[in-house]
Amino acid sequence: MITGATSGIGLGCARKFAENGDRLILTGRNGGRLAEIQKELEAKGTEVITLVFDVRKREEAEKCINSLPQEWQEIDVLVNNAGLALGLEPEYEGSWDDWEEMIETNIKGLLRMTRLVVPGMVERNRGHVINIGSVAGDAAYAGGNVYCATKAAVKVLGDGLRIDVANTAVRVTTLKPGLVETNFSNVRFHGDKERAAGVYRGIKPLTADDIADVAVYAANAPEHVQIAEVLILATHQASGSVIVRK
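Since the model is a prediction, treat every value here as computed from it, not as a measurement.

Definitions and cut-offs
Residues numbered from 1 in each chain as written. Predicted model: local features only at pLDDT ≥ 70, side-chain atom pairs only at ≥ 80, totals over all residues. Heavy atoms only, no water. Buried < 20%, exposed > 50% of the residue type's maximum accessible area, 1.4 Å probe, protein only. Helix = DSSP H or I, 4+ residues; strand = E, 2+ residues; numbered from the N terminus. Pairing = 2+ DSSP bridges. Right-handed = clockwise from strand over helix to strand, strands pointing away. Core = buried A, V, L, I, M, F, W, Y, C linked by side-chain atoms within 4.5 Å. Contact = heavy atoms within 4.5 Å. Polar contact = N/O pair within 3.5 Å; in protein donor to acceptor, adjacent residues only side chain to side chain. Salt bridge = Lys/Arg side-chain N within 4 Å of Asp/Glu carboxyl O. Phe/Tyr/Trp six-rings, centres within 6.5 Å; stacked < 30°, edge-to-face > 60°. Lys NZ or Arg CZ within 6 Å of the ring centre and 35° of its normal. Axes fitted to C-alpha atoms, helices over the stretch in contact; angles between N-to-C directions. Expected span 1.5 Å × (residues − 1). Bend = angle between axes of the 7 residues up to and from the residue.

Considerations on the pairing of strand β3 (residues 77–80)
Burial along β3 is two-sided: Val77 and Val79 and Leu78 and Asn80, pointing in opposite directions, are all buried. Where β3 lies against strand β4 (residues 128–132), four bridges are found, and the strand directions are parallel. Following the sheet pairing, Asn80 is matched in β4 by Asn131. Note on the crossover from β3 through helix α4 (residues 96–124) to β4: the handedness is right-handed.

Next up, the structure:
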């Protein structure tokens, strides 16, 4: 199951796990886009189910998860990918609405999916949760304030879950990408494409496929191996705030 599968890292994961021969449950808010992706992957022989819901809405999420056919209910891998950044203002000038959306999606959305899916993994004594965090969760950068805080929460929630399931065979991985060229910056800047393009100017950023490769690797490691955390940066990025542009 991959949340936020309609674009970016979520879509990259969908394609890479499909190449790995896995059956896919893809979720997102855009039903039309999910249908297009389902058609694309099914044409290549992948079994796909799509669920249209917003991870910010508990009742929607719960209803959709409970609606899965019996043969799809045993979820082996949950990729908590749904998330976003909004704005780059100083904390004292930030948008109330942007804050709410980031917290509801990046933190509470992840918690909702974890709460709905992981009990089954624990009961079956197998499964893998892969949370998409960020280098932004390691240290704040200018204007990142609330977004950085949400990604710090993703890391700590992953660590906490790993402790909670240590007596089982369930594994927990946190992936922490740096600059990945997706629709991320376009969303952050509310559709300002020129400003979004500037984020990646002068550096060769990561791609969604780069992150998906690591997710598939972690999910296919031997059963006794738990890839707990991976920081993935572009070659000329040293941290969330140190980027060398040429």
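Still to come is the rest of the account.
Re the nonpolar core
Among the nonpolar cores identified, the biggest contains 36 residues, and Ile2, Phe17, Leu24, Leu26 and Ile130 are the most heavily contacted of them. Where this core is concerned, the elements lending two or more residues are α1 (8–19), β1 (24–28), α2 (31–42), β3, β4, α8 (208–219) and β6 (229–232). The biggest single contributor to this core is α8, with seven residues. By size, the runner-up hydrophobic cluster in this structure holds 23 residues, among which are Ile25, Met113, Val117 and Leu161.

Describing the environment of Tyr200
Summarising the element assignment, Tyr200 is placed in the loop between α7 (193–199) and α8. As a C-alpha pair, Tyr200 and Phe53 span 147 residues in sequence and 31 Å in three-dimensional space. When sequence neighbours within four positions are dropped, the list of residues in contact with Tyr200 reads Leu179, Val180, Glu181, Thr182, Phe184, Ser185, Pro205 and Arg245.

Topic: the side chain of Thr3
Structurally, the position occupied by Thr3 is in the segment before α1. Here Asn81 takes part through its backbone nitrogen, which lies 2.9 Å from a polar atom of the side chain of Thr3.

Concerning the pattern of salt bridges
For the structure on display, the rule yields 17 salt bridges. Here Arg56 makes a salt bridge to Glu101, at a shortest N to O gap of 3.8 Å. In this pair, Arg56 is assigned in the loop between β2 (48–52) and α3 (58–66) and Glu101 in helix α4, connecting sequence segments 45 residues apart. Measuring nitrogen to oxygen at the nearest pair gives 3.0 Å for the salt bridge that ties Arg162 to Asp159. One end of the pair, Arg162, and the other, Asp159, are both in helix α5 (residues 145–164), three residues apart, so they sit about a helical turn from each other. Within the structure, one salt-bridge network assembled from shared partners comprises Asp138, Lys155, Asp159, Arg162, Lys176 and Glu229.

Digging into the packing of aromatic side chains
All told, the structure shown has two aromatic pairs when counted by the stated rule. We note Arg23 situated over the ring of Trp72; from NZ or CZ to the ring centre the distance is 4.4 Å.

A few points about the sheet that holds β6
With parallel pairing, the four strands of this open sheet are ordered in space as β3-β4-β5-β6. In this open sheet, the two edge strands, each paired with only one partner strand, are β3 and β6. Here the average twist between neighbouring strands, direction ignored, is 15°. In the sheet, strand β5 (residues 171–177) pairs with β6 via four bridges, with the strands oriented parallel. Counted as the bridge partner of Leu175 is Val230 from β6. In the packing of α1 onto the sheet, contacts are made with β3, β4 and β5, and the angle to β3 comes to roughly 155°.

Focus: the pairing of β2
Direction of pairing for β1 relative to β2: parallel, over a ladder of five bridges. Bridge pairing links Gly28 to Val52 in β2. Read as a crossover between parallel neighbours, the route from β1 over α2 to β2 is right-handed.

What about unusual backbone geometry?
Phi is positive for Asn125, close to 60°, though the residue is something other than glycine. Asn125 sits in the partly exposed class, given a relative accessible area of 42%. At His190, a position not held by glycine, the phi torsion is positive, near 50°. Residue placement: His190 occurs in the loop between α6 (184–188) and α7. His190 sits in the exposed class, given a relative accessible area of 56%.

Comments concerning α4
Side chains that are three or four residues apart share a direction in an α-helix, a result of its 3.6 residues per turn. Here α4 is 29 residues long and its end C-alpha atoms lie 41 Å apart, about the 42 Å a rise of 1.5 Å per residue gives. Of all the bends in α4, the greatest, near 35°, is centred on Lys108. With a side-chain oxygen positioned 3.2 Å from the backbone nitrogen of Asp97, the residue opening α4 is Ser95. A positive backbone phi angle near 60° is found at Asn125, which sits one or two residues after α4.

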